[in-house]
Amino acid sequence: MTPSPLLPDLTARAKTAAHSRTSACPCGATVTLADRPDATVVRHADTVAKAHAPDITGADLTPRLTAATHLPGLLLPPLSPTPADLHGRLVTFWPYGTPVDPEDPDAAPWEAAATLLARLHRTPAPTSLPPMRGPVKAALAVSRLRAVSDVEMTAGATAVLRAWDTLPAWARAEAPQPDTATLCHGDLHLGQLVRHPASHGPWLLIDVDDLGVGVPAWDLGRPAAWYACGLLPPEEWSRFLVAYRAAGGTAVPAHGDPWPALDVPARALTVQTAARAITKALAEGRLLDEVEQSLVDACDRMASLPPELTHGYAK
């Protein structure tokens with residue numbers, strides 16, 4: 001099989017972009033930060049180049065890049081709001097920011113993430129922004145699971161697909177979202193935060209591929225799902241939720257039970273994550289690990305509970 005030229009050519013583009021930003025030599029090795037079918041990302045010195053998913057078009061990406069350019073206190077701005085083309089893939093260039101350290105969970109910036117989200121949700125959305133892509137990504141994960149499980153159906157896959165069928169149509173990307181005005185990130189997790197510049201700047205949100213208008217509770221859905229599945233300690237969930245409310249976030253009521261707003265996004269993101277886990281495990285010919293199995297087990301419980309009790313699916 002002929003190797004794809006995307007990664008080496010993207011690396012060359014990153015080096016060129018880094019050299020164009022400074023008169024000094026931006027020396028050092030180029031690091032591949034991600035190399036997946038949906039994204040290839042490389043870093044050279046203080047510059048990052050990203051090749052976006054093959055199905056992302058200029059009409060999808062350009063308004064999102066423009067929004068990031070005009071919201072520098074919330075989103076890391078791109079070096080240019082216009083994507084380039086490389087082997088049929090759209091490529092964008094960014095300043096490098098220091099990510100959250102996955103080896104130091106005690107230092108996770110839950111308050112910063114929550115405050116950024118609250119500010120984002122209160123910011124008027126640009127009129128050109130398309131819908132937030134969170135439900136579309138969840139539906140894509142489920143469709144990929146269906147494709148592999150048609151060949152090798154497992155009990156876990158059955159549970160995930162049953163849980164998916166309990167979700168309302170908008171959460172399965174089969175109907176418009178009930179909120180069409182609120183600015184949302186669309187794929188919030190701690191890997192979407194960086195400090196810029198270097199390690200001393202403020203935290204900012206990155207990855208605008210799913211940015212758009214939609215249901216703001218979706219942005220709280222992943223930490224809510226991990227908490228409901230017992231994978232996020234209650235004190236960390238409380239830090240996140242309290243900070244979001246203190247910053248005036250609109251996704252949940254300022255007081256009282258947040259779960260009526262969070263239930264559907266949390267269930268949808270549990271299904272999405274479990275579907276991805278099973279698909280990956282089948283591709284690698286292995287069993288699910290403990291965390292992956294806990295997500296599948298949560299889907300099994302969700303599918304067996306009446307709708308009014310689904311927020312307790314991990315209990």
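Structural data are supplied above this passage.
Report on the accompanying structure. Note that the structure is predicted; figures quoted are calculated from it, not measured. (Residues numbered from 1 in each chain as written. Predicted model: local features only at pLDDT ≥ 70, side-chain atom pairs only at ≥ 80, totals over all residues. Heavy atoms only, no water.)

### Concerning the overall build of the chain
- Across its full length, the chain holds 9 helices and 10 strands.
- Since a compact globule built from 315 residues should have a radius of gyration of about 20 Å, the 20 Å found for the chain is in line with a globular shape.
- C-alpha atoms of the chain, sized along the principal axes, occupy 65 × 50 × 40 Å.
- For the chain, the residues scored as buried account for 49% of the 315 residues in total.
- For the chain, the share of sequence-separated contacts (at least 6 apart) that also reach a separation of at least 24 residues comes to 70%.
- For the chain, the accessible area works out to roughly 14,400 Å², and carbon and sulfur atoms hold 59% of it.
- Of the charged side chains in the chain, 26 are positive and 33 negative; the average position of the first set lies 4 Å away from that of the second. (Helix = DSSP H or I, 4+ residues; strand = E, 2+ residues; numbered from the N terminus. Rg over C-alpha atoms; globule rule 2.2 N^0.38 Å. Buried < 20%, exposed > 50% of the residue type's maximum accessible area, 1.4 Å probe, protein only. Contact = heavy atoms within 4.5 Å. Areas by Shrake-Rupley, 256 points an atom, 1.4 Å probe, with all protein chains shown as cover. Lys, Arg positive; Asp, Glu negative; His and termini not counted. Charge placed at Lys NZ, Arg CZ, Asp CG, Glu CD.)

### Observations regarding the environment of Leu7
- Mapped onto the elements of the fold, Leu7 is located in helix H1 (residues 6–20).
- The class of Leu7 is partly exposed, set by a relative accessible area of 25%.
- As for Leu7 and Ala51, which are separated by 44 residues in sequence, their C-alpha atoms are 8.9 Å apart.
- Dropping the residues within four chain positions of it, Leu7 is found in contact with Thr32, Asp35, Thr40 and Val42.

### A few points about the layout of surface pockets
- Size it by volume and the largest pocket reaches roughly 1,400 Å³.
- Around the largest pocket sit 41 residues that line it, and Arg36, Asp38, Ala39, Lys50 and Asp207 are the ones nearest its centre.
- Those elements giving two or more residues to the lining of the largest pocket turn out to be strand S1 (30–36), strand S2 (39–44), strand S3 (47–51), strand S5 (89–95), helix H4 (134–149), strand S8 (193–195) and helix H8 (259–284).
- At 4 residues, the largest contribution of residues to the lining of the largest pocket is made by H4.
- Approximately 830 Å³ is the volume attributed to the second largest pocket.
- Lining the second largest pocket are 24 residues, and of these His189, Leu190, Gly191, Arg222 and Trp226 sit closest to its centre.
- Sorting the residues of the lining of the second largest pocket by element identifies helix H6 (218–228), H8 and helix H9 (290–304) as the ones contributing at least two each.
- The dominant element in the lining of the second largest pocket, judged by the number of residues it contributes, is H8, at 4 residues.
- Along the lines of polarity and charge, the residues of the lining of the second largest pocket split into 13 nonpolar, 3 polar and 8 charged. (1 Å grid on protein atoms, 1.4 Å probe; cavity = no way out; pocket = protein on both sides within 12 Å on 5 of 7 lines; lining within 4 Å. Points joined across faces, edges and corners; volume = space filled by probe spheres on them. Nonpolar A, V, L, I, M, F, W, Y, C, P; charged D, E, K, R; others polar.)

### Some remarks on the sheet that holds S8
- If you trace the 3 strands from one edge of the open sheet to the other, you get S6-S8-S9, paired in antiparallel fashion. Looking at which strands have only one partner, the edges of the open sheet turn out to be strand S6 (98–99) and strand S9 (203–205).
- Across 3 bridges, S8 lies against S9 in antiparallel orientation. By the bridge assignment for S9, Val194 is matched with Leu204.
- Against the sheet, helix H3 (residues 110–122) contacts S8 and S9, and its axis sits at roughly 50° relative to S9. (Pairing = 2+ DSSP bridges. Axes fitted to C-alpha atoms, helices over the stretch in contact; angles between N-to-C directions.)

### Considerations on the sheet that holds S3
- Taking strand neighbours across the sheet as the criterion, the 5 strands line up as S1-S2-S3-S5-S4 in an open arrangement whose pairing is antiparallel. Because the sheet does not close on itself, it has two edges, and the strands there are S1 and strand S4 (84–86). Pairwise comparison of adjacent strand axes, ignoring direction, gives a mean angle of 25° for this sheet.
- Pairing analysis gives 5 bridges linking S3 to S5, with the strands arranged antiparallel. Of the residues in S5, the one forming a bridge with Lys50 is Thr92.

Read these as geometric descriptors, not functional statements.
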